[in-house]
Amino acid sequence: MNMSQGNALRRLEDLLENALEYGDQSISAGRVLLNLMGLQPLPANLVSFYSLLSRAKDEAESIRSNPKIKRYVEVVSQLQTIFVIHDPWRVAWGTFAKQIQGANITIALDSLANTYYTRKPAIFWDESFLSEVIQNLSELLDNVLESNLPKELKRYIEDRISDILQALRKTRIDGTEAIEKEAKSIIGDLAIRERSIKKEDRRNPIFKRFQANIIALVFWAAPSPYDIIGAVPDINDFWIPAVENISDVYQNIEKAIVDTDTIQEAFDNVKEIANEEPQKLLEGQEQKILPPAQEESSPCPDD
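All of the points below concern the structure found in this document. Please read these numbers as outputs of a predicted model, since none were measured by experiment.

## Digging into the overall build of the protein chain
A tally of helices and strands in the protein chain yields 14 helices and four strands. Taking all contacts inside the protein chain whose residues are at least 6 apart in sequence as the whole, residues at least 24 apart take part in 79%. Carbon and sulfur atoms form 48% of the exposed surface of the protein chain, whose accessible area is close to 14700 Å².

Now the structure itself:
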């Protein structure tokens with residue numbers, strides 16, 4: 001499982017780095033960026049890029065008080081200016097690439113992403129891991145619909161899985177924030193609803209599998225998952241589980257929660273597994289440094 005920092009600054013830096021390396025400089029910047037974002041090359045879809053750019057700017061502004069990176073924040077404003085001066089749907093990517101490289105914008109984004117991560121850790125999942133999670137949840141949804149669970153409980157699980165799947169399919173744009181939000185919402189909702197769910201239904205293997213999937217998502221998406229239920233985290237924010245086989249993780253969680261009746265008990269049991277599992281440090285790239293002269297530079301339109 002390959003993970004990297006999941007903040008908008010890092011996602012924007014990765015996108016621009018890939019565009020600089022692989023983008024055809026003779027076609028419109030909009031097409032280059034949308035293709036790399038996995039979106040159809042349509043003008044209307046540029047809103048997704050601008051949304052990412054806006055989120056990155058907000059993250060940068062939130063750490064502006066750090067005197068060491070103040071000038072890096074200004075570079076993000078320069079990037080926004082570039083996309084105001086030039087219409088990405090009409091202007092070739094080569095024009096953007098020249099100014100982005102000239103202003104060392106990806107270097108600034110790298111430093112900002114690392115600084116922001118120390119304040120608010122977030123993890124971004126690679127495509128293979130994401131595909132496995134989506135496939136597993138899709139199969140679970142089919143199993144839920146074919147199960148003998150009560151109709152109302154089926155509908156509830158179906159709706160919540162659909163919400164998670166929608167968030168998963170937007171991770172290239174939104175990162176794992178939406179997944180974390182949905183998974184935490186489900187956990188909190190289950191803590192309330194479980195009193196009205198019959199014990200035999202709470203012990204149903206399909207319901208347990210649903211719980212296992214949601215708990216796993218919380219652990220993978222949230223650096224400190226225990227805080228949502230009031231427990232004390234035992235895993236440092238800068239460490240993540242070393243996940244090699246997703247199916248094994250689900251099976252281990254299901255075994256740990258098979259005899260539990262509440263989501264609190266389930267979390268306590270899974271916490272013990274997490275403490276026993278191997279962990280690894282989420283390492284970033286080597287820190288890049290903005291040249292001193294960059295502080296005075298500013299983007300300008302080509303003549």
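## Comments concerning helix α5 (residues 93-102)
Along α5, seven of the ten residues are buried, which leaves the element largely enclosed by surrounding structure. Within the span of α5, buried status applies to Trp-93, Gly-94, Thr-95, Phe-96, Ala-97, Gln-99 and Ile-100. As for α5, its buried residues are in contact with α1 (8-22), α2 (29-36), α4 (70-85) and α6 (105-119). At the C-terminal side of α5, Asn-104 shows a positive phi close to 50 degrees.

## Comments concerning the environment of Ser-147
Summarising the element assignment, Ser-147 is placed in the loop between α7 (127-146) and α8 (151-168). For the pair Ser-147 and Phe-207, spaced 60 residues apart in the sequence, the C-alpha separation amounts to 9.5 Å. Residues within four places of Ser-147 in sequence aside, it is in contact with Lys-154 and Ile-206. A distance of 2.7 Å separates a polar atom in the side chain of Ser-147 from the backbone oxygen of Val-144. Within the local environment of Ser-147, its side chain forms a polar contact with the backbone nitrogen of Leu-149, the two atoms lying 3.4 Å apart.

## Describing the side chain of Thr-106
Looking at where Thr-106 falls in the secondary structure, it is placed in helix α6. Within the structure, the side chain of Thr-106 is placed 3.4 Å from the side chain of Glu-17, a separation counted as a polar contact. Excluding residues within four positions of it along the chain, Thr-106 makes contact with Glu-13, Leu-16, Glu-17, Leu-20 and Ile-100.

## Digging into the packing of aromatic side chains
Applying the stated rule across the entire model yields six aromatic pairs. A ring pair is formed by Phe-207 and Phe-210, whose centres lie 6.3 Å apart and whose planes are at 50 degrees; its orientation type is tilted. Linking Phe-207 with Phe-210, this pair stays in helix α12 (residues 205-221), spanning three residues, or about one helical turn. On the basis of relative accessible area, Phe-207 is assigned to the buried category, the value being 2%. Members of the aromatic cluster, connected to one another through ring pairs, are Phe-49, Tyr-50, Phe-83, Trp-93 and Phe-96.

## Here we look at the pattern of salt bridges
Pairing is possible between side chains of opposite charge, provided their charged atoms come close. A complete count under the given rule lists twelve salt bridges for this structure. Between Glu-61 and Arg-64 there is a salt bridge, and its shortest N-O distance comes to 2.8 Å. Glu-61 sits in the partly exposed class, given a relative accessible area of 32%. The residue Arg-160 makes a salt bridge to Asp-189 at a minimum N-O spacing of 3.4 Å. With Arg-160 in helix α8 and Asp-189 in helix α10 (residues 177-193), this residue pair connects regions lying 29 residues apart in the sequence.

## A short note on the packing of α1 against α5
Between α1 and α5, the least distance of the axes is 10 Å, while the angle of their chain directions is 120 degrees. In terms of their interaxial angle, α1 and α5 are classed as oblique. The two elements α1 and α5 meet at a crossing, and its hand is left-handed. Between α1, through Leu-16, Ala-19 and Leu-20, and α5, the contact on the second element is made entirely by Trp-93, Ala-97, Ile-100 and Gln-101. By residue class, the composition of the contact of α1 with α5 is six nonpolar, one polar and no charged.

## Concerning unusual backbone geometry
The phi torsion of most residues other than glycine is negative, and most of the peptide bonds are trans. Positive phi, close to 50 degrees, is recorded for Asn-104, a residue that is not glycine. Along the chain, the position of Asn-104 falls in the loop between α5 and α6.

## Some details on helix α3 (residues 46-62)
Counted at 1.5 Å a residue, the expected span for α3 with its 17 residues is 24 Å, and the 25 Å between its end C-alpha atoms agrees. Of the residues making up α3, those classed as buried are Leu-46, Ser-48, Phe-49, Leu-52, Leu-53, Ala-56, Lys-57, Glu-59 and Ala-60.

## A short note on the packing of α4 against α5
Relative orientation and spacing of two packed helices are given, respectively, by the angle between their axes and the distance between those axes. At a minimum axis separation of 11 Å, α4 and α5 run at an interaxial angle of 160 degrees. Between α4 and α5, the crossing angle belongs to the class labelled roughly antiparallel. Between α4 and α5 lies a crossing of right-handed hand. In this structure, α4 uses Leu-79, Ile-82 and Phe-83 to contact α5, whose residues at the interface are Phe-96, Gln-99 and Ile-100. Taken together, the residues that form the contact of α4 with α5 break down as five nonpolar, one polar and no charged.

Cut-off values and rules
Residues numbered from 1 in each chain as written. Predicted model: local features only at pLDDT ≥ 70, side-chain atom pairs only at ≥ 80, totals over all residues. Heavy atoms only, no water. Helix = DSSP H or I, 4+ residues; strand = E, 2+ residues; numbered from the N terminus. Contact = heavy atoms within 4.5 Å. Areas by Shrake-Rupley, 256 points an atom, 1.4 Å probe, with all protein chains shown as cover. Buried < 20%, exposed > 50% of the residue type's maximum accessible area, 1.4 Å probe, protein only. Polar contact = N/O pair within 3.5 Å; in protein donor to acceptor, adjacent residues only side chain to side chain. Phe/Tyr/Trp six-rings, centres within 6.5 Å; stacked < 30°, edge-to-face > 60°. Salt bridge = Lys/Arg side-chain N within 4 Å of Asp/Glu carboxyl O. Axes fitted to C-alpha atoms, helices over the stretch in contact; angles between N-to-C directions. Parallel < 35°, antiparallel > 145°, perpendicular 65-115°, else oblique. Left-handed = near helix turned anticlockwise from the far one by under 90°. Nonpolar A, V, L, I, M, F, W, Y, C, P; charged D, E, K, R; others polar. Expected span 1.5 Å × (residues − 1).

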